[in-house]
Amino acid sequence: MSARARLFDDPVPELPAGVRLYRRCLNEQEQAALLEEVVEILRRAPLFTPRMPRTGRAFSVRMSNTGPLGWVADREKGYRYEPAHPETGRPWPAMPKMLLELWAELAGYPAPPEAGLINHYAPGAKMGLHIDIDEEALDAPIVSISLGCSARFRLGGLKRREPTISFDLHAGDVLILEGPSRLRYHGIDRIYPGTGSLPSEIGEGRINITLRRVAHP
Ligand code: MD6
Ligand code: FE
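Residues numbered from 1 in each chain as written. Chains lettered and ligands numbered in written order. Predicted model: local features only at pLDDT ≥ 70, side-chain atom pairs only at ≥ 80, totals over all residues. Heavy atoms only, no water.

J.: What is the right way to read the sheet that holds strand 7 (residues 142-148) from this model?
T.: Here we have six strands laid out as an open sheet, ordered 1-10-7-12-5-2, and antiparallel in their pairing. The open sheet has two free edges, formed respectively by strand 1 (19-22) and strand 2 (62-66), since each of these has just one partner strand. Direction aside, neighbouring strands of the sheet carry axes that sit 20° apart on average. With four bridges joining them, strand 7 and strand 10 (residues 174-177) adopt antiparallel strand pairing. When the bridges of strand 10 are listed, Ile145 appears paired with Val174. (Pairing = 2+ DSSP bridges. Helix = DSSP H or I, 4+ residues; strand = E, 2+ residues; numbered from the N terminus. Axes fitted to C-alpha atoms, helices over the stretch in contact; angles between N-to-C directions.)

J.: Would you take a moment to explain the site of ligand 1 for this structure?
T.: Around ligand 1 lies a shell of 13 residues, among which Tyr121, Asp132, Ser144, His186 and Arg206 are the nearest. At a separation of 2.7 Å, a nitrogen atom of ligand 1 approaches a polar side-chain atom of His186. Arg206 is positioned with one of its side-chain polar atoms (N or O) 2.7 Å from an oxygen atom of ligand 1. The protein chains hide 99% of the 350 Å² of surface that ligand 1 would expose on its own. Every element with two or more residues in the shell around ligand 1 is listed here: strand 7, strand 10, strand 11 (186-191) and strand 12 (206-212). In terms of residues, the shell around ligand 1 owes the most to one element, strand 12, which gives three residues. Grouping the constituent residues of the shell around ligand 1 by class yields six nonpolar, five polar and two charged. (Near = heavy atom within 4 Å. Polar contact = N/O pair within 3.5 Å; in protein donor to acceptor, adjacent residues only side chain to side chain. Areas by Shrake-Rupley, 256 points an atom, 1.4 Å probe, with all protein chains shown as cover. Nonpolar A, V, L, I, M, F, W, Y, C, P; charged D, E, K, R; others polar.)

J.: When you look at the pattern of salt bridges in this model, what are you seeing that I'm missing?
T.: When the charged atoms of two side chains with opposite charge come close together, those side chains can pair. Counting across every chain of the model gives 12 salt bridges. With a closest N to O distance of 2.5 Å, Arg23 and Asp173 form a salt bridge. Placement of the pair is Arg23 in the loop between strand 1 and helix 2 (28-44) and Asp173 in the loop between strand 9 (165-169) and strand 10, with a sequence separation of 150 residues. Its relative accessible area of 1% is what places Asp173 among the buried residues. Here Glu135 ties to Arg212 by a salt bridge, and the two come within 3.2 Å at their closest N and O atoms. Of this pair, Glu135 sits in the loop between strand 6 (127-130) and strand 7 while Arg212 sits in strand 12, placing them 77 residues apart in sequence. Across the pair, exposure class does not vary: Glu135 and Arg212 are buried alike. (Salt bridge = Lys/Arg side-chain N within 4 Å of Asp/Glu carboxyl O. Buried < 20%, exposed > 50% of the residue type's maximum accessible area, 1.4 Å probe, protein only.)

J.: Explanation requested: the coordination of the iron ion (ligand 2) in the structure shown.
T.: Six octahedral donors at a metal ideally form angles of 90 or 180 degrees, and four tetrahedral donors ideally form angles of 109.5 degrees. Looking at the iron ion (ligand 2), one finds its protein donor set to be His130 (NE2), Asp132 (OD) and His186 (NE2), positioned 2.1 to 2.2 Å from the metal centre. One chain supplies every donor for the iron ion (ligand 2), spaced along it as H-x1-D-x53-H. On the basis of relative accessibility, which here comes to 11%, the residue Asp132 falls in the buried class. (Donors = N, O, S within 2.8 Å, 3.2 Å for Na, K, Ca; no water.)

J.: Explain the environment of His120 here, please?
T.: Along the chain, His120 turns up in strand 5 (residues 115-121). Along the sequence, His120 and Pro163 sit 43 residues apart, while their C-alpha atoms lie 27 Å from each other. Beyond its immediate chain neighbours, meaning those up to four positions away, His120 contacts Leu47, Val61, Arg62, Leu198, Ile202, Gly203, Glu204, Gly205, Arg206 and Ile207. Only 3.0 Å separates the side chain of His120 from the backbone oxygen of Glu204, close enough to count as a polar contact. (Contact = heavy atoms within 4.5 Å.)

J.: How should the state of the cysteines be read in this particular structure?
T.: Summed over all chains, the structure comprises zero disulfides. Its sulfur unpaired, Cys25 is 20 Å from the next cysteine sulfur, which belongs to Cys149. (Disulfide = S-S within 2.5 Å.)

Shown next as structure tokens:
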């Protein structure tokens, strides 16, 4: 079996209620079209390096956002949503129609997402176990789209120390956390360099976009 076939054979464990995984939800054409949109967004709102509150330690992932609000993180003010880019001061670029449509199709929520957080993982980047809790609308799902290289996703419980399961996310996959799983711990242990491609403007690695409703409608 080729390395590629083996990678995509990776079985998904039984997922708990409130976790939906749509393998290859976006076909190659749709992925390419979305990546073109991401290139344009990043041209106007360049990737920035988020930092941990208090310690100021840099994330290994770099970020940008699309939509009326963007998630930002810095030493002084911590984790929050802001209407403008922390370095350029300009509003985040509008959310592409494709993403609004994907949310409308899958989220089952009566209002559009306000934030599309774009994470770029260069080889070696990872994201520690965390919960997404900076949104007021915790009744809304988070819809997550993977592009470029595959990655190892870890999903835990509602407490940090609970046991975790792991599975791979591939380009075009859509993962949703909602309801009883909306506040499950999760993270990215590693990406698999060389398993996918991104436009040259972005460089090697993986893009993840998470669509979030922040305020109650
Ligand atoms: C990532 N994803 O896939 C990180 N958060 O790079 C997330 O942090 C995430 O996949 C909330 C819901 C789904 C996710
Ligand atoms: Fe998350």
